[in-house]
Amino acid sequence: MIKCCLSYHKAIFSKKFLNQKSEIMKINGNKYTKKQILDKCKEIMYSHSIGTKLSGEELDFVMAVLKQHYNYEDKMKYGCKGIVIRNNPYNPKYREFRIITDFGDEITFSPRKCLNKPKHSAQVKRAMRNIIHDQIIEFRNELFKSGVVKCEISCEVLNQDNVHIDHIYPFDALVKDFLELNNITFEDIKLVNEGNNQPQFVDTNLAQKWYDYHKQNAKLRPLSARENLKLSNKE
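Just so you know, the residues in each chain are numbered from 1, in the order the chain's sequence is written. Totals for whole chains, interfaces and linings use every residue, but because this is a predicted model, local features are given only for residues with pLDDT of at least 70 and side-chain atom pairs only at 80 or more, for both listing and counting. In computing side-chain properties, one takes all heavy atoms of the structure into account and sets aside hydrogens as well as water.

1. Observations concerning the overall build of the protein chain
Here comes step 1: Note on conventions: DSSP H or I runs of at least 4 residues are helices, E runs of at least 2 residues are strands, and numbering of each starts at the N terminus. For the protein chain, the helix and strand inventory stands at ten helices and eleven strands.
Here comes step 2: The buried share of the protein chain, taken over its 235 residues, is 42%.
Here comes step 3: Surface exposure of the protein chain reaches about 13,300 Å², of which carbon and sulfur atoms provide 47%. The buried label applies to any residue whose accessible area, calculated with a 1.4 Å probe on protein chains only, is under 20% of its type's maximum; exposed applies above 50%, and partly exposed to all values in between. Every accessible area reported is derived by Shrake-Rupley at a probe size of 1.4 Å, with residue values counting cover from the shown protein chains alone.

2. Points about the packing of aromatic side chains
Here comes step 1: Within 6.5 Å between ring centres, the rings of Phe, Tyr and Trp (the latter by its six-membered ring) count as paired, and their orientation is classed by plane angle as stacked under 30 degrees, edge-to-face over 60, tilted in between. Per the counting criterion, the structure on display carries six aromatic pairs.
Here comes step 2: For the ring pair phenylalanine 171 and tryptophan 210, a centre distance of 5.9 Å and an interplane angle of 85° mean the geometry is edge-to-face. With phenylalanine 171 in helix H8 (residues 171-181) and tryptophan 210 in helix H9 (residues 204-217), the pair connects residues that are 39 residues apart, well separated along the chain.
Here comes step 3: Judged by its relative accessible area of 0%, tryptophan 210 is buried.
Here comes step 4: Every member of this aromatic cluster is reached through a ring pair, and the members are Phe171, Phe178, Trp210 and Tyr213.
Here comes step 5: Lysine NZ or arginine CZ positioned within 6 Å of the ring centre and within 35 degrees of the ring normal marks a charge as sitting over the ring. Across from the ring centre of phenylalanine 61, 5.1 Å away, lies the NZ or CZ of lysine 40, which sits over that ring.

3. Let's talk about the pattern of salt bridges
Here comes step 1: Salt bridges are defined as contacts in which a side-chain nitrogen from Lys or Arg sits within 4 Å of a carboxyl oxygen from Asp or Glu. Under the definition given, this model contains eleven salt bridges.
Here comes step 2: One salt bridge connects glutamate 106 with arginine 86, and the closest N-O pair in it is separated by 2.6 Å. Placement of glutamate 106 in strand E5 (residues 106-108) and of arginine 86 in strand E3 (residues 82-87) is noted, with a sequence separation of 20 residues between them.
Here comes step 3: Relative accessible area serves as the criterion here: at 26%, arginine 86 is assigned to the partly exposed category.
Here comes step 4: Salt-bridge contacts for arginine 98 lead to glutamate 96; the nearest nitrogen and oxygen are separated by 2.7 Å.
Here comes step 5: Owing to a relative accessible area of 7%, arginine 98 belongs among the buried residues under this scheme.
Here comes step 6: One salt-bridge network, in which partners are shared between bridges, spans Arg86, Glu96, Arg98 and Glu106.

4. Quick look at the sheet that holds E3
Here comes step 1: Pairing between strands is defined by DSSP: at least two bridges between the two strands are required. Read from one edge of the open sheet, three strands run E3-E4-E5, paired in antiparallel fashion. What marks the edges here is a single partner per strand, and that holds for E3 and E5. Along the sheet, successive strands turn relative to each other by an average axial angle of 40°, direction set aside.
Here comes step 2: In this sheet, E5 lies alongside strand E4 (residues 95-100) in antiparallel orientation, the contact comprising three bridges. What sits directly across from isoleucine 100, in E5, is glutamate 106.
Here comes step 3: Along the sheet, helix H2 (residues 34-46) makes contact with E3 and E4, crossing E4 at roughly 85°. Convention adopted: a line fitted to C-alpha atoms gives each axis, helices being fitted over their contacting stretch, and angles between N-to-C directions are expressed from 0 to 180 degrees. Between two residues, a contact is recorded if the distance between any of their heavy atoms is within 4.5 Å.

5. Regarding unusual backbone geometry
Here comes step 1: Positive phi values are uncommon outside glycine, yet asparagine 28 reaches one of about 50°.
Here comes step 2: The topology assignment puts asparagine 28 in the loop between strand E1 (24-27) and strand E2 (30-33).
Here comes step 3: Although it is not a glycine, cysteine 155 adopts a positive phi angle of roughly 70°.

The structure is reproduced here in structure tokens:
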């Protein structure tokens, strides 16, 4: 089970985070400070018993918070049948929200990541995925030209709608190797459109280097959504 949902640890309510209380955000058309949003989420979480699935206005509010995440589409790629309240497995005295996927698995996500801007390194990785997106599409399309496509783990027959393209050698490892090869760090890579889902490299020559490096070194395979979800949980 991937753990990626509204986990409540002391750090989330730290003074450092709550110092941003003057920043205003809109949730379902209403204005809140970040502190007010976290307080309301906490109130919802602790006003019900463990295992409760949210409904009505409470579900609408928590889903609206989740939608603030810069990578919302990726978080929801396995579907959402609801939001449930659970104990945090690492510290049971705290609680968390979890997304119930279409497969019945549960995914946790952090309110900090929903309300705060993503780290620069995360945005660089997003830009790097954008750069090689057409390679992923090309690989997928070529697969289906060759006939029946099966998940390489479960052997489930796949179609264009449910296939997921996986990096056999992990994507993050490819990124790390590329940075080391070029003797650069995440901070050396400047972006435009940072803060949304379409960041791009300022240095187009570096972008081309990454495109070529990925083309030469990435080993891809088709997986079912469920098997891809299992692998994500292990990483």
